[in-house]
Amino acid sequence: MKKLLVPALCATLLLGACQSKSDDEKAQEQALQDASKQELATAVADRDQLLGLVNEISSGMDQIKRLENILTVTNGMKGETASQRAQIQADIAAIQQTLQQRREQLADLEAKLNKSNVNNASLRKTIETLRGQINSQSAEIETLRANLDSANRTIGTLTASVDSLNTTVTTVTGERDAAQQESTELTNELNTCYYVAASNKELKDHKIIESGFLRKTKLMKGDFDQSFFTVGDKRTLTSLPLHSKKARVLSNQPAASYQIVDEDGQKVLKITNPDLFWSLSNYLVIKID
């Protein structure tokens, strides 16, 4: 009886051991499957994040190209304002900050990939490609910044030159205006003339003529009354109504340069040659009766 119980007990223990080993293996297999699924999910997530980063970097390059076009256009604009330059500088700073964020994202993805059991050569190649694109974009931005700084310095120099030229122009314009004013005043002075048409008594009273019995009439030899004369302009004085039936020029105007004619019973002086008429004197004295 004892001989029968021992083999049966051994068979039971062996069966139990086999059953227990099978459960452990299943648990291990399940754990491996779960781990593989998690790593796969992580790899897929990393891949998707990389693809998203690819799109962002591509968009960043478009932004840089847009800034390059704007900078090229504004460099040729005469009416460019300081606010436009400030906006471009702000855009460049924003892109630089974005590139730094993408560089950090890329480093984080690379670290995750290094820790992962998934050895995806394609993802690693994509990371290297993206790193090269980010570096290229950073170089582009630095070039844009340098160009903008250079343009700003040029604009500052041109502005200073314009201000200097404006000052020079203002000074020259003032000097020109002063010279023109002086020339006008001198021209007016050279063309100023004085005339009077009065009776013999009035002319004597104002000491314009001096005469006596059997003496030759003297014209403006003493302290004559300057205010009795009318001021005229040689350029415009071509005719002088005398309001008298008789008139005679006492001053030394050449006879060939004028005529005294009748108009409606009144004498009128007509200056036929102004240059000759005023060549000997700027004063005209006419005696009327």
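Q: Which residues make up the nonpolar core, and what values go with them?
A: Judged by nonpolar contacts, the single largest core of 14 residues is most densely connected at Leu-240, Leu-269, Phe-277, Trp-278, Leu-284 and Ile-286. Mapped by element, the contributors of at least two residues to this core are strand 1 (192-198), strand 8 (266-271) and strand 9 (283-288). Considering every element that reaches this core, the biggest residue donor is strand 9, with three residues. With sequence-adjacent residues up to four places away left out, Phe-277 is seen in contact with Gln-253, Pro-254, Ser-257, Tyr-258, Leu-269, Ile-271 and Leu-284. Counting residues in each nonpolar core, the second largest holds 12 residues, with Ile-95, Ile-134, Leu-144 and Leu-148 among its members.

Q: With reference to specific residues and values, describe the sheet that holds strand 8.
A: Spatially, three strands are ordered 5-8-7 in an open sheet, and the strand pairing comes out antiparallel. The two strands at the open ends of the sheet, each matched to only one other strand, are strand 5 (239-241) and strand 7 (258-263). Between one strand axis and the next, the sheet turns by 25 degrees as a mean value, whatever way the strands run. Direction of pairing for strand 7 relative to strand 8: antiparallel, over a ladder of six bridges.

Q: Residue-level account of the pattern of salt bridges, with values.
A: Applying the stated rule across the entire model yields six salt bridges. Lys-267 serves as the salt-bridge partner of Asp-262, at 2.8 Å between the closest nitrogen and oxygen. For Asp-262, a relative accessible area of 52% translates into the label exposed.

Q: So what's going on with the side chain of Gln-253? Residues and values would help.
A: By secondary structure assignment, the location of Gln-253 is in the loop between strand 6 (247-249) and strand 7. Taking relative accessible area as the criterion, Gln-253 reaches 6% and is therefore assigned buried.

Q: Just give me the short version of the pairing of strand 1, but keep the residues and values in it.
A: The buried fraction of strand 1 amounts to five of the seven residues, a majority that puts the element mostly inside the structure. In terms of strand pairing, strand 1 meets strand 9 through five bridges, oriented parallel. Paired with Val-196 across the strands is Val-285, a residue of strand 9.

Q: Could you give an account of the pairing of strand 9, naming the residues involved and the relevant values?
A: The element strand 9 is extensively covered by neighbouring structure, given that six of its six residues are classed as buried. As paired strands, strand 6 and strand 9 are joined by three bridges and run antiparallel to one another. When the bridges of strand 9 are listed, Ala-247 appears paired with Ile-288.

Scoring rules and cut-offs
- Residues numbered from 1 in each chain as written.
- Predicted model: local features only at pLDDT ≥ 70, side-chain atom pairs only at ≥ 80, totals over all residues.
- Heavy atoms only, no water.
- Core = buried A, V, L, I, M, F, W, Y, C linked by side-chain atoms within 4.5 Å.
- Buried < 20%, exposed > 50% of the residue type's maximum accessible area, 1.4 Å probe, protein only.
- Helix = DSSP H or I, 4+ residues; strand = E, 2+ residues; numbered from the N terminus.
- Contact = heavy atoms within 4.5 Å.
- Pairing = 2+ DSSP bridges.
- Axes fitted to C-alpha atoms, helices over the stretch in contact; angles between N-to-C directions.
- Salt bridge = Lys/Arg side-chain N within 4 Å of Asp/Glu carboxyl O.

All quantities given are derived from atomic positions and should not be read as evidence of function.
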